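The primary structure of each chain is shown beneath.
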Amino acid sequence: MLYSKDLLEGASTGTRAGPLLAGTLVAFVVGVLSLKWLLRIVAQQKLAWFAAYCAIVGLATIVWQTLG
């Protein structure tokens, strides 16, 4: 069984605590900024712009996964 202590020490994954914590922090900051951006778009009633953005990114991802 893998415990948090083992993960932080890199015992079974080979990953050290520093990169793991840095990745967690970056993911948190990007998530908070993305939610603030989305809330601003919703408050301005410009959700159609966000829908267009989602469609473009979704199609680009499908094309990227199909060609790659």
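Before any of the text, the structure's been laid out above.
Since the structure is predicted, the reported quantities are computational estimates derived from the model, not experimental observations.

How should the overall build of the protein be read in this particular structure?
For the protein, the helix and strand inventory stands at three helices and zero strands. Reading the secondary structure of the protein in the N-to-C direction produces α-α-α. The buried share of the protein, taken over its 68 residues, is 3%.

Which parts of the structure should I look at to understand the packing of aromatic side chains?
Counted according to the given criterion, the structure contains three aromatic pairs. Through successive ring pairs, a cluster of aromatic residues spans Trp 37, Phe 50 and Tyr 53. Just above the ring of Trp 49 sits the side chain of Lys 46; from NZ or CZ to the centre is 4.9 Å.

Would you mind showing me how to read helix α2 (residues 17-43) here?
One turn of an α-helix holds 3.6 residues; hence residues three or four places apart share an orientation. Over its 27 residues, α2 runs 39 Å from end to end, which matches the ideal 39 Å to within 8%, given 1.5 Å per residue. Positive phi appears at Gln 45, one or two residues downstream of α2, with a value of about 55°.

So, how was this worked out
Residues numbered from 1 in each chain as written. Predicted model: local features only at pLDDT ≥ 70, side-chain atom pairs only at ≥ 80, totals over all residues. Heavy atoms only, no water. Helix = DSSP H or I, 4+ residues; strand = E, 2+ residues; numbered from the N terminus. Buried < 20%, exposed > 50% of the residue type's maximum accessible area, 1.4 Å probe, protein only. Phe/Tyr/Trp six-rings, centres within 6.5 Å; stacked < 30°, edge-to-face > 60°. Lys NZ or Arg CZ within 6 Å of the ring centre and 35° of its normal. Expected span 1.5 Å × (residues − 1).

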